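Structural description and commentary
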Amino acid sequence: MGRSSKDKRDIYYRLAKEEGWRARSAFKLLQLDEEYQLFQGRCFSYVSPCPPIHQSAVPTCFYLLGVHRAVDLCAAPGSWSQVLSRKLRSSNETSEVKIVAVDLQAMAPLPGVIQIQGDITKVSTAHEIIRHFKGEPADLVVCDGAPDVTGLHDIDEYIQAQLLLAALNITTHVLRTGGTFVAKIFRGKDVTLLYSQLKIFFQEVTCAKPRSSRNSSIEAFVVCQGYSPPEGYKPNMSNPLLDHCYDVDFNQLEGPNRVIVPFLACGDLSAYDSDKTYPLQLDTGKEYNYVPPNQPPIRPPYQEACFLKKNNLLAKERPPSPVSTPPATNTSE
Ligand code: SAM
């Protein structure tokens, strides 16, 4: 295969090299921006800091706040950070712009981009990002995170979903009210659960497939606009699947941080009570008839102990050995 064959097969691969992008993924973010004007920082609602004039009849307002601070999660090799750097620094005072990029992999430096080499599922990474923003919230968080795919679709989709939830957790710490979150998503069979989780935090959630994303790929992007966490929600990283937060006492969580799954006691009240003891002859006049298990265990761990006991081979308890008393010594010499 000649060196030009990939260029022929993949127009975005070729264009990325020609335009100086580190990866063809740059076009995905650029095309998402064409559709959603991500870098204009649309304030999406009547929530603060949208001025009262915009809180009138229509719930959606298009007050432009601009994007000055952005986070790029799972950023390496850095084409999305390049897009952020070029777009934000060309339309704002460069001193006002702050971009923080995170990845497990090291990344070559980019102008105006602070890099963190870390795992987005770790609380410590979230804290490091927050520290760089010095209390000021971000206007935009993007995440193009993808696991190393195994080819086992269920596992790949599950890990991708966990990455997205980790990104959402970090987002709840740093994003301003009304801000935007964009993340890669695998449109698998359980994707509606993720949409529902995102809808808790954002007024608008849409799923977009830029033309530069191959049709044969399960990937798409959720564009979540109008960050608006439930009243009383306190950002936390307490996803028990992430970062082994076993020290979190979930019973202590309150208000919207606490999710209570409905419990339903079901079954007919006339059914046998599993906590009660019943006589063996349930039907009067009938003999008790033992029925063996349908499928006894094939090789249970207690098999050897049963064999030893049956053949009287179990270790016997020995009588205690007599306590040896030291010979008496004459101390009166
Ligand atoms: N957006 C990037 C660009 O335009 O150059 C490409 C991102 S690449 C598709 C996916 C990245 O996700 C990889 O660099 C990988 O190291 C990163 N990643 C996967 N799991 C991660 C994790 N737990 N924490 C941080 N980065 C992660």
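Quick caveat, the model's predicted, so the values are computed rather than measured.

Considering soluble globular proteins, one finds that nonpolar side chains tend to be buried as a cluster. By size, the foremost hydrophobic cluster in this structure holds 58 residues, and its most contacted members are Leu-73, Val-141, Ala-167 and Ala-183. Ranked by residue count, the leading element in this core is helix H6 (residues 153–174), at 7 residues.

Looking now at the UniProt feature "active site" (unreviewed entry) in the chain. When the UniProt feature table is mapped onto this chain, "active site" (unreviewed entry) is found at Lys-184. Locating Lys-184 in the fold gives a position in strand S7 (residues 175–186). Each residue touching Lys-184, except ones within four places of it in the same chain, is listed here: Cys-143, Asp-144, Gly-145, Ala-146, Glu-219 and Phe-221.

Not every one of the 23 residues close to the ligand is listed here, only the nearest: Ser-25, Cys-74, Ala-76, Ser-79 and Asp-144. Residues that form the shell around the ligand fall into these classes: 13 nonpolar, 6 polar and 4 charged.

What follows deals with the confidence of the model for the chain. Mean pLDDT over the chain: 81, with 79% of residues reaching 70 or higher. Summarising per-element confidence for the chain, the mean pLDDT is lowest in strand S2 (residues 63–64) (56) and highest in strand S3 (residues 69–73) (97). Low pLDDT, under 50, characterises residues 46–62; the predicted model gives this stretch 23 contacts beyond four residues in sequence or across chains. For the stretch residues 240–246, pLDDT sits under 50, and the model shows 12 contacts to residues farther than four places along the chain or on other chains. Both confidence scores are given for the complex: pTM 0.72, ipTM 0.99.

Turning to the pairing of S3, a few remarks are in order. In terms of residue burial, S3 counts as a mostly covered element, since 5 of its 5 residues are buried. Neither face of S3 is exposed, since Arg-69, Val-71 and Leu-73 on one face and Ala-70 and Asp-72 on the opposite face are all buried. With 5 bridges connecting them, S3 and strand S4 (residues 98–103) associate as parallel partners. Note that in S4 the partner of Ala-70 across the bridge is Ile-99. Between S3 and its parallel partner S4, the chain crosses via helix H4 (residues 79–91), and the hand of that crossover is right-handed. Where S3 lies against strand S6 (residues 138–143), 4 bridges are found, and the strand directions are parallel. Counterpart to Ala-70 in the pairing with S6 is Leu-140.

What follows is about the pairing of S7. Look at any regular strand and the pattern is simple: side chains alternate between the two faces of the sheet. Most of S7 is tucked away, with 10 of its 12 residues classed as buried. As paired strands, S6 and S7 are joined by 5 bridges and run parallel to one another. The residue of S7 that forms the bridge with Leu-140 is Thr-180. As a crossover connection, the stretch from S6 through H6 into S7 is right-handed. In terms of strand pairing, S7 meets strand S9 (residues 219–227) through 6 bridges, oriented antiparallel. Note on S9: the bridge partner recorded for Lys-184 is Phe-221.

For the rest of this paragraph, the subject is helix H3 (residues 26–36). Those residues of H3 that fall on the buried side of the exposure criterion are Ala-26, Phe-27, Lys-28, Leu-29 and Leu-32. Contacts made by the buried residues of H3 are with helix H2 (11–19), H4, S6, S7, strand S8 (202–208) and S9. Just downstream of H3 lies Gln-37, where phi reads positive at about 45°.

Glancing now at the sheet that holds S9. Two modes of strand pairing occur in sheets, parallel and antiparallel, and in both the strands are linked by backbone hydrogen bonds. Reading across from one edge, S5-S4-S3-S6-S7-S9-S8 is the order of the 7 strands in this open sheet, with mixed pairing throughout. At either end of the open sheet lies a strand with only one pairing partner, and these are strand S5 (113–117) and S8. Adjacent strand axes in the sheet meet at a mean angle of 15°, parallel and antiparallel pairs treated alike. Across 6 bridges, S8 lies against S9 in antiparallel orientation.

Time to look at the environment of Ser-217. Within the element layout of this structure, Ser-217 appears in the loop between S8 and S9. For Ser-217, a count of 10 C-beta atoms within 10 Å corresponds to the exposed category. Sequence-wise, Ser-217 and Arg-187 are 30 residues apart; in three dimensions their C-alpha atoms are separated by 9.4 Å.

Below, the discussion takes up the packing of helix H5 (residues 123–133) against H6. It is at 10 Å that the axes of H5 and H6 come closest, and there the two elements cross at 30°. As summarised for this structure, H5 and H6 are arranged roughly parallel, according to the angle between their axes. Where H5 crosses over H6, the handedness of that crossing is right-handed. Contact residues: H5 offers Ala-126, Ile-129, Ile-130 and Phe-133, while H6 offers Asn-169, Ile-170, His-173 and Val-174. Residues that form the contact of H5 with H6 fall into these classes: 6 nonpolar, 2 polar and no charged.

What follows deals with unusual backbone geometry. Across the junction of Ala-76 and Pro-77, the peptide omega takes the value 5°, indicating a cis bond. Within the secondary structure, Pro-77 is located in the loop between S3 and H4. Not every positive phi belongs to a glycine, and Gln-37 is a case in point at roughly 45°. Among the structural elements, Gln-37 can be located in the loop between H3 and strand S1 (42–43). Despite not being glycine, Lys-134 has its phi angle at roughly 45°, a positive value. Along the chain, the position of Lys-134 falls in the loop between H5 and S6.

Parameters at a glance
Residues numbered from 1 in each chain as written. Predicted model: local features only at pLDDT ≥ 70, side-chain atom pairs only at ≥ 80, totals over all residues. Core = buried A, V, L, I, M, F, W, Y, C linked by C-beta atoms within 7 Å. Buried ≥ 20, exposed ≤ 12 C-beta atoms within 10 Å, placed from the backbone. Helix = DSSP H or I, 4+ residues; strand = E, 2+ residues; numbered from the N terminus. UniProt positions renumbered as here; feature names shortened; annotations may be inferred. Contact = placed C-beta atoms within 7 Å. Near = placed C-beta within 6 Å. Nonpolar A, V, L, I, M, F, W, Y, C, P; charged D, E, K, R; others polar. pLDDT = per-residue confidence, 0-100. Pairing = 2+ DSSP bridges. Right-handed = clockwise from strand over helix to strand, strands pointing away. Axes fitted to C-alpha atoms, helices over the stretch in contact; angles between N-to-C directions. Parallel < 35°, antiparallel > 145°, perpendicular 65-115°, else oblique. Left-handed = near helix turned anticlockwise from the far one by under 90°.

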